[in-house]
Amino acid sequence: MKAFTQLDGLACPIDRANIDTDAIIPKQFLKSIKRSGFGPYLFDEWRYTDHGEPGMDCSTRPLNKDFVLNQARYQGAQIMLARENFGCGSSREHAPWAIEDYGFRVIIAPSYADIFFGNCYKNGMLPIVADEAMVDRLFKECEANVGYRLNVDLPSQTVTLPSGESFGFEINATSKHNLLNGLDEIGLTLLHADEIKVFEEKHKATQPWLFA
Amino acid sequence: MAGKTLYDKLWETHLVREDADGTCLIYIDRHLVHEVTSPQAFEGLRIAGRKPWRNSSIVANPDHNTPTKDWDKGIEDPISRLQVETLDNNIKDFGALVYFPFKHANQGIIHVIGPEQGTTLPGMTVVCGDSHTSTHGAFGALAHGIGTSEVEHVLATQTLIAKKSKRMLVDVSGKLGAGVTAKDVALAIIGKIGTAGGNGYAIEFGGAVISALSMEGRMTICNMAIEAGARAGIIAPDEKTAAYLKGRLHAPKAADWDKAVAYWNTLKTDDDAQFDTVVTLNGADIAPQVTWGTSPEQVLPIGGRVPDPAKEMDATKRTSIENALKYMGLSANTLLEDIKLDKIFIGSCTNSRIEDLRAAAVVAKGKKVANSIALAMVVPGSGMVKRQAEEEGLDKIFIDAGFEWREPGCSMCLAMNADRLSPGERCASTSNRNFEGRQGQGGRTHLVSPAMAVAAAIAGHFVDVRTI
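Draft legend 1. Quick peek at the side chain of B:His64. Residues and elements named next belong to chain B. If you trace the backbone, His64 turns up in the loop between β4 (58-60) and α3 (78-94). Separated by 2.6 Å, the side chains of His64 and Asp63 make a polar contact. Not counting residues within four places of it along the chain, the set of residues in contact with His64 comprises His34, Glu35, Val36, Asp130, Cys410, Leu414, Met416 and Asn417.

Below, the structure is given as structure tokens:
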């Protein structure tokens, strides 16, 4: 997993509440047996005016010019501004894969769906929860100012606005440590393999039918 | 000391270790696997040179990509076929307790076959790379969806890194009226608390209405917990749970059975336990529900009218309504009963079990699908459901009424196989999500119960199933 420490990046506003994972990456792209290559299909049904299928060359597809990701001023964006309950719906990790593959490393929203939120950390992305008033302000400033950038600093857990003002965000210690160091969770968990084995034996003794 | 909720008990009995910041390692008893969210996880194992910790915890089956007709032709889409064959190969290499490959007599939707085979039991932790894993909470199991990285983590370590959720009780008291089903209860709950209402919570469903439901009905309720934002929905096991499981292939046998049932009887929330949030509904107030928008919370009782965005004060909500009406091709204030349908889909992990098909057949019997309906299809949840329905003659009722009787699978719930809506087509669907493009790009989905879907098929538009 890629480590994340600090990012000074262009922000892009996706102004819609309850964006679901079907919108982030439509189901036809879930047929892939790979983890990479989903970026060109991010928000496929909003981004292009034709019907997308896996394997299509997206550089020749007709763009929906009204969609924010297609606007010149947001090319190269790495920080996504989003609204409440972002990533609701299916557990597909293809959603954070697509967002990350496109180039985003940070999402800032008032709230997220639980499964999506956890999936972000596992892919080296930082989902930041900010209060609604702050998110609203970021949307307004971002839309009003071409080239609007934010500075996100994980060690100090702060986001700094172009004005120099900043706000803090919460993250639990384990997720922060793993993200800062780009650690593989499976390897870390297997350090506790003996504890798992002890638990398993005890569990088997009390509910043997679970192991039949 | 305050008592414990059922969720607390399930959590504590699976807690392997807890870090100072509340990050926990919980043990996983059952791992359900399907073809869409597993290939990258198995690939990860291979690259790291790891083996599954306990392959006898795995129950696997392709379901999302499999066709529901012309099985003799195999899977025509080469990308779908590769994904299904990849699962075949992964299970061959790594092993599983249960594997039903494409066309096996018992193959079906993973959330239908798990309980059917007796591989979902009270007191278990159950995970799957699929958000509708919440279904299995109907048995008093702690069951929820996980991402592909977590699928790999569970394969490699038999554990999941997790933080404890908050506890919500949804208490549905009283009694449901005739024609009102578990699906209507689920949609009414989502209408009340919203699709983000359950974020951060595990929901326990209780009250007289829930106790009175069959296991199939309880699975429908827990299945939709995720549409309310809750990863897990749970219902305490009781004698119906035990009766459903007794004699199933992988259910406990002989002396183990009695011990298991005695243990299952302890799996309930203590009288003095506290929930973080309590939501109450009265079953008598719930009418058959129809969604009108592109989120399951955009739902109304039949008899209602499509909302008018001009009357919504909140700007974000007003925009959501406007976007939904535009996508759905509906005008404000239209009577739900005036909405005409093009297709009817009865199936999915929400509503494809035998009881759902029986409820649908009662309405379909002796009737005909309206000429204006381009396609009405019934997709049973599994091979076992299909055979049972055929033994009961339900297939004939559907076919005589003009429905297509298909092979089992996820089908048009998410349209990964050939079953899908064309742009602009409108569908009454017994599935779980009405998101934009869910059933096919540009397709318009209205979520309803099986009985309401059949009633709409016959009339050609929505009708109140209680009036026919």
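Draft legend 2. The arrangement of the environment of A:Ala113 in detail. Structurally, A:Ala113 can be placed in the loop between β3 (106-109) and α4 (114-121). Here A:Ala113 falls in the buried class, since its relative accessible area comes to 9%. Between the C-alpha atoms of A:Ala113 and A:Arg35, which are 78 residues apart in sequence, the distance is 21 Å. Leave out the neighbours within four places in its chain, and A:Ala113 touches A:Asn85, A:Phe86, A:Gly87, A:Cys88 and B:Asn199.

Draft legend 3. Layout of the nonpolar core. Ranked by size, the top nonpolar core spans 114 residues in total, and within it A:Phe43, A:Phe86, A:Ile108, A:Leu126, B:Ile344 and B:Phe403 carry the most contacts. No other element matches the 7 residues that helix α15 (residues 450-459) of chain B contributes to this core.

Draft legend 4. Structural detail: the pairing of strand β7 (residues 142-145) of chain B. Residue and element names in this part refer to chain B. Residue alternation in β7 divides its side chains into two sets, Leu142 and His144 and Ala143 and Gly145, and both sets are buried. Judged from the 4 bridges that link them, strand β6 (residues 125-128) and β7 form a sheet pairing that is parallel. Of the residues in β7, the one forming a bridge with Val126 is Ala143.

Draft legend 5. Quick look at helix α5 (residues 148-157) of chain B. Residues and elements named next belong to chain B. Along α5, 10 of the 10 residues are buried, which leaves the element largely enclosed by surrounding structure. Those residues of α5 that sit buried are Thr148, Ser149, Glu150, Val151, Glu152, His153, Val154, Leu155, Ala156 and Thr157. Of the residues one or two after α5, Gln158 is the one with positive phi, at around 60°.

Draft legend 6. Layout of the interface of chain A and chain B. Contact residues are listed per partner, giving 57 residues for chain A and 75 residues for chain B. Interface area lost by chain A to chain B is led by A:Lys31, A:Ile33 and A:Trp209, which between them contribute 15%. In this structure, the connection of chain A to chain B is made through 7 salt bridges. Between B:Arg438 and A:Asp22 there is a salt bridge, with its nearest N and O atoms 3.1 Å apart. Put simply, the parts of the chain that give the side of chain A that touches chain B at least two residues each are α2 (44-47), α3 (94-102), α4, α6 (173-181), α7 (185-190) and α8 (193-206) of chain A. Among the elements that line the side of chain A that touches chain B, the one with the most residues is α8(A), at 7 residues.

Draft legend 7. Quick peek at the sheet that holds strand β16 (residues 375-378) of chain B. Residue and element names in this part refer to chain B. Taken in spatial order, the 5 strands of this open sheet run β17-β16-β15-β18-β19, and their pairing is parallel. Two strands in the sheet have a free side with no partner beyond their single neighbour: β17 (404-405) and β19 (444-447). Looking at chain direction, strand β18 (residues 426-429) and β19 are connected through 4 bridges and run parallel. The partner of Arg426 across the bridge, within β19, is Arg444. Sitting on the sheet, α15 is in contact with β15 (343-346) and β18, with an inclination near 155° to β15.

Draft legend 8. Structural view of the packing of helix α2 (residues 39-48) of chain B against α3(B). Residue and element names in this part refer to chain B. Axis separation between α2 and α3 bottoms out at 10 Å; the angle between their running directions is 40°. One finds that α2 runs oblique with respect to α3. Every pair of crossing elements has a handedness; the one defined by α2 and α3 is left-handed. For the pair α2 and α3, the contacting residues are Pro39, Phe42, Leu45 and Arg46 in the first and Gln83, Thr86, Leu87, Asn90, Ile91, Asp93 and Phe94 in the second.

Draft legend 9. Fine view of α6(A). When we look at burial in α6(A), the residues that qualify are A:Ser175, A:Lys176, A:Asn178 and A:Leu179. Buried positions along α6(A) lie against α4, β4 (126-129) and α7 of chain A.

Draft legend 10. Main features of the pattern of salt bridges. For the structure on display, the rule yields 37 salt bridges over all chains. A:Arg16 is the partner of B:Glu436 in a salt bridge, and the nearest nitrogen-oxygen pair spans 2.6 Å. Highlighted residues: B:Glu436 in the loop between β18 and β19 and A:Arg16 in the loop between β1 (6-13) and α1 (21-24), drawn from two different chains. Its relative accessible area of 23% is what places A:Arg16 among the partly exposed residues. The partner of A:Arg92 in a salt bridge is A:Asp22, with the nearest N and O atoms 3.4 Å apart. You can see A:Arg92 sitting in the loop between β2 (79-81) and α3 and its partner A:Asp22 sitting in helix α1, a full 70 residues away along the chain. Judged by relative accessible area, A:Arg92 falls into the buried class, the value being 2%.

Draft legend 11. Representation of the sheet that holds strand β8 (residues 159-162) of chain B within the structure. Residues and elements named next belong to chain B. Reading across from one edge, β1-β2-β8 is the order of the 3 strands in this open sheet, with antiparallel pairing throughout. A strand with exactly one partner marks an edge of an open sheet, and here the two such strands are β1 (15-18) and β8. Neighbouring strand axes in the sheet, compared pairwise and without regard to direction, differ in orientation by 20° on average. Across the face of the sheet, α5 comes into contact with β2 (24-27) and β8 while running at roughly 135° to β8.

Draft legend 12. Quick peek at the pairing of β6(B). Residues and elements named next belong to chain B. Because side chains alternate across β6, one face comprises the buried residues Thr125 and Val127, and the other comprises Val126 and Cys128, equally buried. In the sheet, strand β3 (residues 30-33) pairs with β6 via 3 bridges, with the strands oriented parallel. Opposite Arg30, over in β6, you have Val126 as the bridge partner.

Draft legend 13. Region of the structure containing unusual backbone geometry. Unlike most non-glycine residues, A:Asn85 shows phi in positive territory, near 55°. Position of A:Asn85 among the secondary structure elements: in the loop between β2 and α3. Residue A:Asn85 is classed as buried on the basis of its relative accessible area, which comes to 1%. One non-glycine residue with positive phi stands out, namely B:Lys103, at about 80°. Structurally, B:Lys103 is set in the loop between β5 (98-99) and α4 (110-116). When its relative accessible area of 40% is taken as the criterion, B:Lys103 is described as partly exposed.

Draft legend 14. Molecular detail of the packing of aromatic side chains. Inspection of the entire model under this criterion finds 19 aromatic pairs over all chains. Centre to centre, the rings of A:Trp209 and B:Tyr263 are 6.3 Å apart; their planes meet at 50°, and the pair counts as tilted. Within this pair, whereas A:Trp209 is found in the segment after α8, its partner B:Tyr263 is found in helix α10 (residues 254-264), the two belonging to separate chains. Aromatic side chains B:Phe42 and B:Phe94 sit 5.4 Å apart centroid to centroid with 20° between the ring planes, which places their arrangement in the stacked category. Of this pair, B:Phe42 sits in helix α2 while B:Phe94 sits in helix α3, placing them 52 residues apart in sequence. Here B:Phe42 and B:Phe94 have matching classes, each one buried. Here the aromatic cluster, defined as three or more aromatic residues joined through ring pairs, consists of A:Phe43, A:Trp46 and A:Phe67.

Draft legend 15. Examining the environment of B:Arg248 more closely. All names here are of chain B. Positionally, Arg248 belongs in the loop between α9 (239-245) and α10. Separated by 187 residues in the primary sequence, Arg248 and Asn61 have C-alpha atoms spaced 18 Å apart. Engagement of the side chain of Arg248 in a polar contact is seen with the backbone oxygen of Glu116, the distance being 3.1 Å.

Calculation criteria
Residues numbered from 1 in each chain as written. Chains lettered and ligands numbered in written order. Predicted model: local features only at pLDDT ≥ 70, side-chain atom pairs only at ≥ 80, totals over all residues. Heavy atoms only, no water. Helix = DSSP H or I, 4+ residues; strand = E, 2+ residues; numbered from the N terminus. Polar contact = N/O pair within 3.5 Å; in protein donor to acceptor, adjacent residues only side chain to side chain. Contact = heavy atoms within 4.5 Å. Buried < 20%, exposed > 50% of the residue type's maximum accessible area, 1.4 Å probe, protein only. Core = buried A, V, L, I, M, F, W, Y, C linked by side-chain atoms within 4.5 Å. Pairing = 2+ DSSP bridges. Buried area = accessible area lost by both parts, 1.4 Å probe. Salt bridge = Lys/Arg side-chain N within 4 Å of Asp/Glu carboxyl O. Axes fitted to C-alpha atoms, helices over the stretch in contact; angles between N-to-C directions. Parallel < 35°, antiparallel > 145°, perpendicular 65-115°, else oblique. Left-handed = near helix turned anticlockwise from the far one by under 90°. Phe/Tyr/Trp six-rings, centres within 6.5 Å; stacked < 30°, edge-to-face > 60°.

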